[in-house]
Each structure stands twice: as structure tokens, then as C-alpha cells.
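Spelled out from the first residue to the last, the chains are:
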Amino acid sequence: MVKRQFPNPIELAELMKFKKPTLNPTDRRLEKALTIADLRTIAQRRTPRAPFDYTEGAAEGELSLARARQAFEDVEFHPSILRSVPEVDMTTHVLGGTSSMPFGIAPTGFTRMMQTEGEIAGSGAAGAAGIPFTLSTLGTTSIEDVKANNPNGRNWFQLYVMRDREVSYDLVRRAAAAGFDTLFFTVDTPVAGARLRDKRAGFSIPPQLTPGVVINAIPRPAWWINFLTTPKLEFASLSSTGGTVGDLLNAAMDPTISFDDLEIIRSLWPGKIMVKGVQTIEDALLLADKGIDGIVLSNHGGRQLDRAPIPFHLLPHVVKELGSDMEIHVDTGIMNGADIVASVALGAKFTLVGRAYLYGLMAGGRRGVDKTISILGTEIERTMKLLEAASIEELSPKHVTQLSRLQPIAKPFADVAEAMTAHQPRTVPANKPARSVKASAKAAKAKDVAAS
């Protein structure tokens with residue numbers, strides 16, 4: 001039988017140690033966030049529906065985004081044991097420089113719409129953490145202001161090719177003059193994807209004060225106070241600011257974008273250049289001889305072509321073909337440091353996070369972005385320690401198995417049609433440079449790899 005006694009006041013006093021209360025409401029909210037999902041929950045409470053759904057949503061049925069996230073969940077890790085790894089080194093060498101961790105902030109448009117600090121919060125947090133920040137062509141802070149805010153950090157610029165090519169060329173020159181060290185030439189947006197959430201929510205630039213918007217804003221006064229008491233929301237790099245996201249993209253982008261445009265931009269840009277939005281092995285191989293420094297496997301966060309390839313599934317195949325020839329980065333669907341570790345283990349040189357950054361921004365401005373970076377960094381460190389990998393270089397395919405729920409179904413009729421056209425000569429532009437023997441040989445294997 002258990003012997004009972006009166007509580008000892010001294011022992012009871014030792015148990016009654018209360019945590020000092022956090023008085024700042026933003027800090028108090030962020031303290032409770034342990035994951036990116038927690039930041040998302042806070043962001044949804046504090047942000048009107050239209051900008052939140054713009055961040056959250058994707059194209060059409062949002063299948064591409066759902067599949068990309070599922071791909072990261074369908075990962076099996078293989079930890080080592082008894083290797084003594086008290087500390088891990090997350091430092092990554094990327095595009096001629098260093099990053100304290102193997103991820104950077106992806107380019108996001110309309111960022112001050114999510115929270116008024118926008119790119120200033122993002123670039124400042126990235127610089128403080130020692131990771132790169134990428135400014136979008138559709139950013140709401142100028143190239144020069146981002147540089148002034150993050151003077152010693154690594155600033156990258158994402159470029160859309162506009163119908164008016166001189167607009168794009170001028171942006172390239174400005175980014176180079178400001179000291180941005182890398183350009184992301186984006187190729188997956190010839191026209192806007194069908195972003196149905198934006199249409200249903202009435203998302204536009206600038207926001208329109210419809211009755212529905214006003215009602216939705218009532219429980220979120222802080223967002224509106226910030227919006228109405230700070231400089232007018234507009235694109236820092238473009239003159240057109242009216243309409244829905246689709247209207248703006250379709251007015252600005254040009255479906256005639258081609259390899260010729262890539263050659264021109266390459267001639268204008270003095271730094272590193274990446275092609276962002278590659279979604280097939282064949283296109284990755286075509287880029288091998290174009291004088292670029294690398295590619296980003298991306299389906300634009302699922303915001304363009306729905307049912308697009310899953311970048312994380314494509315990653316090991318492209319690394320096998322081209323990993324020794326150029327840097328391969330990956331984005332879309334990353335919500336956990338373990339996603340980043342899995343990507344690096346399968347050969348990605350670097351990763352980019354977009355929505356995770358914006359959830360932090362909406363949850364708490366600059367401090368929220370700091371929290372995003374801190375959460376991801378903690379998750380990376382913990383995952384590496386559990387795998388017993390002491391450095392980024394030690395991560396390898398042996399640490400990861402990709403589990404797949406989506407297996408290709410045999411296509412007999414398509415295979416017959418492809419065989420019939422295989423011997424027909426293909427039209428090659430006269431100004432297209434000859435491909436190297438190595439790239440040509442790899443291209444011949446691309447279809448077999450894609451079918452595996």
C-alpha cells in the first residue's frame with residue numbers, strides 16, 4: 001500500500017516555478033509555433049482571405065501542389081548508428097558562394113500584400129541568417145531597396161521575360177548594377193495558370209474594398225491598419241498594377257519566349273544564371289550546353305500547369321544525368337527541414353522555400369520570417385543528427401528511399417505513335433548551337449530514364 005504524507009511546503013515551492021510572461025503579443029504568438037504548420041495557422045487567423053488564399057492556393061484542382069507535398073511525406077530515412085555526431089555543419093557552397101543552410105528564400109510576388117514589411121522582412125531575415133534571398137520581378141520592393149536592406153547578404157533576382165523585352169533587359173541591368181550575384185531565368189510562365197482561388201476571393205492589385213472583403217477584414221484590423229498607413233502597394237519593377245493575378249501575368253508575359261531570349265539574357269548578365277521551372281529530363285539535357293550554371297526543378301509551386309511533374313520525384317533522375325555538369329536546385333512543397341535533408345541527400349545542391357516563408361511573414365512580419373528560418377534550421381539539424389550525418393557533404397542517396405503512390409501506367413498506343421515518329425527528322429533552329437557528344441548521348445537515354 002502506498003504511504004501518503006502531507007505535502008512538504010519546501011518541495012512544493014520547488015515545483016512552482018512559473019515562466020516569465022511574454023508581454024509582446026507578436027513574440028507570444030510566435031513562441032507557440034513549433035512547425036511551419038503552426039505558423040500557417042497563425043497566418044490564417046491574421047490575414048484576410050484574399051492574400052492568404054493567394055499564398056495558399058495553386059492552379060485549378062491544386063493536384064500538382066498536393067502531389068508535391070505528398071512526395072515529401074512519402075520518404076523513408078535510413079539512419080546510421082554509433083557514429084558520434086555531437087554537432088552538424090549545415091554550411092552549403094552554392095553558386096560560387098556560401099549559405100549557412102541548404103535553403104534560401106524563393107521569389108514571391110505581391111509580397112507586401114501578405115504583410116506590409118514584405119521583402120524588407122524577407123531579405124533582412126535571410127541576411128541575418130546567412131542564407132540567400134531571391135527578389136521576384138513581381139516584387140513590391142525595388143531592387144535597390146532590397147540591396148540597401150541586405151547590403152552584405154546574398155541577393156538573387158528572378159526574371160520574367162516580358163512582352164516588352166526592354167523592360168526585362170532593364171531589370172537585368174539594374175540587378176547587376178546593384179550587386180545581385182545570381183539571376184533566375186524563369187521559363188514556366190508563358191501565360192498565367194488558372195488560379196481559381198484568386199478569382200473566387202476577388203484577389204487583385206490593389207485590393208478592392210468590396211462588401212465581402214470588408215466583412216472578412218473585421219476580425220483582422222491589424223492587417224488593414226498596416227495596409228492603410230504604409231506606402232501604396234504597387235510593383236516596384238512594373239508600371240501596371242491593376243487587375244487580378246491572371247490579368248497581370250497575361251498582360252506582362254510572352255508565350256513566344258524561347259532559347260533566343262535565354263541567349264540574350266545570358267549575354268547581359270555578368271553573374272551566375274539559373275533556369276527556373278525545368279520539369280522534364282529532356283529539357284534539362286537541352287540546357288546542358290547553354291552556358292548556364294544550373295537549373296531549378298520546379299512546377300512553380302503548383303501554380304501554373306496542374307498535374308505537372310513532381311520536382312522531388314524528378315530530382316534523382318536529373319542528378320544522375322547532369323549532376324556533374326551543373327548545379328541542380330529544387331523547390332515546390334517544402335514545409336519541413338526533413339524535406340530539405342531528403343532533397344540534398346538525393347543530389348540537390350540547394351532548395352528554395354516560398355510558402356513557408358510567407359506563412360512566417362503573415363504570422364509576425366520580420367520576426368515571423370526569422371521564426372520560419374529558425375524552425376527549418378532546427379529541423380534540418382535534428383534530422384541530420386538522427387541520420388548521423390555530420391555535414392551536408394555526408395548526405396547521400398543511401399539515407400533516403402522515395403516511396404511512390406503514383407506509378408506510371410503502360411501506354412501502348414502512345415508508344416506506337418512515338419515509335420512511328422521517332423525516325424522523322426526534327427526541325428532545328430538555324431542559330432541553335434550544336435550539342436556536345438556527351439549531352440546528345442544523355443538525351444538519347446532520357447526517355448528510358450523517364451519511363452523508369
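Caption draft 1: Seen up close, the overall build of the protein chain. From N to C terminus, the protein chain includes 20 helices and 12 strands. In the protein chain, which comprises 452 residues, the proportion classed as buried is 49%. In the protein chain, once contacts between residues fewer than 6 apart in sequence are set aside, the share between residues at least 24 apart is 77%.

Caption draft 2: Examining the pattern of salt bridges more closely. A complete count under the given rule lists 16 salt bridges for this structure. Put simply, Asp 293 and Lys 272 hold a salt bridge, and the shortest N to O gap is 4.0 Å. Within this pair, whereas Asp 293 is found in the loop between α15 (281-286) and β9 (294-297), its partner Lys 272 is found in strand β8 (residues 272-278), the two being separated by 21 residues in sequence. Taking the shortest distance from any N to any O, the salt bridge between Lys 385 and Glu 381 comes out at 3.6 Å. Of the two residues, Lys 385 and Glu 381 both sit in helix α18 (residues 355-387), 4 residues apart, roughly one turn of that helix. For Glu 381, a relative accessible area of 27% translates into the label partly exposed.

Caption draft 3: Molecular detail of helix α7 (residues 118-129). In this model, α7 (12 residues) spans 17 Å end to end at C-alpha, consistent with the 16 Å of a helix rising 1.5 Å per residue. Regarding α7, the residues found buried are Gly 118, Glu 119, Ala 121, Gly 122, Ser 123, Gly 124, Ala 125 and Ala 126. Where the residues of α7 are buried, they touch β4 (103-105), α6 (111-114), β5 (133-135), α8 (143-149) and α18. Following α7 by one or two positions, Gly 130 adopts a phi angle in the positive range, close to 80°.

Caption draft 4: Focus on helix α14 (residues 259-268). Taken residue by residue, α14 has Asp 261, Leu 262 and Ile 265 as its buried positions. Projection of α14 onto a plane perpendicular to its axis shows the buried side chains occupying an angular sector of 100°, all on one side. Contact partners of the buried residues in α14: β6 (155-159), α9 (165-177), β7 (182-186) and β8.

Caption draft 5: Focus on the side chain of Ser 142. Take Ser 142: it is sitting in the loop between β5 and α8. Polar side-chain contacts of Ser 142 include one of 3.0 Å to the backbone nitrogen of Asp 145.

Caption draft 6: Quick peek at the confidence of the model for the protein chain. For the protein chain, the mean per-residue pLDDT works out to 87, and 85% of the residues sit at or above 70. Ignoring residues within four places in sequence, the model shows residues 426-437, a span with pLDDT below 50, making 11 contacts including any to other chains.

Caption draft 7: Up close: the packing of aromatic side chains. Under the counting rule described, the total for this entry stands at 10 aromatic pairs. Taking the centre distance of 5.1 Å and the plane angle of 85° together, the rings of Tyr 54 and Phe 110 count as edge-to-face. You can see Tyr 54 sitting in helix α4 (residues 49-56) and its partner Phe 110 sitting in the loop between β4 and α6, a full 56 residues away along the chain. Relative accessible area serves as the criterion here: at 7%, Tyr 54 is assigned to the buried category. Its relative accessible area of 1% is what places Phe 110 among the buried residues. Counting every residue linked through ring pairs, the aromatic cluster contains Trp 156, Phe 184 and Phe 350.

Caption draft 8: Broad picture of the environment of Ala 128. Tracing the backbone through its elements, the reader meets Ala 128 in helix α7. The exposed category is assigned to Ala 128, whose relative accessible area is 61%. Taking C-alpha positions, Ala 128 is 7.9 Å from Gly 153, a pair spaced 25 residues apart along the chain.

Caption draft 9: Fine view of a nonpolar patch on the surface. Judged by side-chain polarity, Leu 12, Leu 15, Met 16 and Phe 18 come together as a nonpolar surface patch covering roughly 510 Å² of accessible area. If you trace the backbone, Met 16 turns up in the loop between α1 (9-15) and α2 (25-31).

Caption draft 10: Representation of unusual backbone geometry within the structure. Phi at Glu 62 takes a positive value of approximately 60°, unusual for a residue other than glycine. The phi angle at Thr 332 is positive, at roughly 85°, despite the residue not being glycine. Within the secondary structure, Thr 332 sits in the loop between β10 (327-330) and α17 (337-345). For Thr 332, a relative accessible area of 6% corresponds to the buried category.

Caption draft 11: Spotlight on the pairing of β10. Burial of β10 is two-sided: the residues Glu 327 and His 329 facing one way and the residues Ile 328 and Val 330 facing the other way are all buried. Where β9 meets β10, 4 bridges bridge the pair, whose relative direction is parallel. If you follow Leu 297 over to β10, its bridge partner there is Val 330. As for the winding sense of the linkage, the β-α-β connection from β9 through helix α16 (residues 311-322) to β10 is right-handed. Where β10 meets strand β11 (residues 350-353), 2 bridges bridge the pair, whose relative direction is parallel. By the bridge assignment, Val 330 is partnered in β11 with Thr 351.

Caption draft 12: Structural view of the packing of α4 against α18. Two elements in contact, α4 and α18, have axes separated by 10 Å at closest approach and are oriented at 155°. Taken together, the axes of α4 and α18 are roughly antiparallel relative to one another. Contacts from Phe 52, Thr 55 and Glu 56 in α4 reach Arg 355, Leu 358, Tyr 359 and Met 362 in α18. Classifying every residue of the contact of α4 with α18 by side-chain character gives 4 nonpolar, 1 polar and 2 charged.

Caption draft 13: Inspection of the environment of Val 146 at higher detail. As for its position among the elements, Val 146 is in helix α8. Along the chain, Val 146 and Phe 180 lie 34 residues apart, while their C-alpha atoms are 9.8 Å from each other. Leave out the neighbours within four places in its chain, and Val 146 touches Glu 119, Ser 123, Phe 133, Leu 135, Thr 141, Asn 155 and Phe 180.

Conventions adopted
- Residues numbered from 1 in each chain as written.
- Predicted model: local features only at pLDDT ≥ 70, side-chain atom pairs only at ≥ 80, totals over all residues.
- Heavy atoms only, no water.
- Helix = DSSP H or I, 4+ residues; strand = E, 2+ residues; numbered from the N terminus.
- Buried < 20%, exposed > 50% of the residue type's maximum accessible area, 1.4 Å probe, protein only.
- Contact = heavy atoms within 4.5 Å.
- Salt bridge = Lys/Arg side-chain N within 4 Å of Asp/Glu carboxyl O.
- Expected span 1.5 Å × (residues − 1).
- Arc of directions from axis to C-beta.
- Polar contact = N/O pair within 3.5 Å; in protein donor to acceptor, adjacent residues only side chain to side chain.
- pLDDT = per-residue confidence, 0-100.
- Phe/Tyr/Trp six-rings, centres within 6.5 Å; stacked < 30°, edge-to-face > 60°.
- Patch = residues over 30% accessible without salt bridge, like charges linked within 9 Å, V, L, I, M, F, W, Y side chains within 5 Å.
- Areas by Shrake-Rupley, 256 points an atom, 1.4 Å probe, with all protein chains shown as cover.
- Pairing = 2+ DSSP bridges.
- Right-handed = clockwise from strand over helix to strand, strands pointing away.
- Axes fitted to C-alpha atoms, helices over the stretch in contact; angles between N-to-C directions.
- Parallel < 35°, antiparallel > 145°, perpendicular 65-115°, else oblique.
- Nonpolar A, V, L, I, M, F, W, Y, C, P; charged D, E, K, R; others polar.

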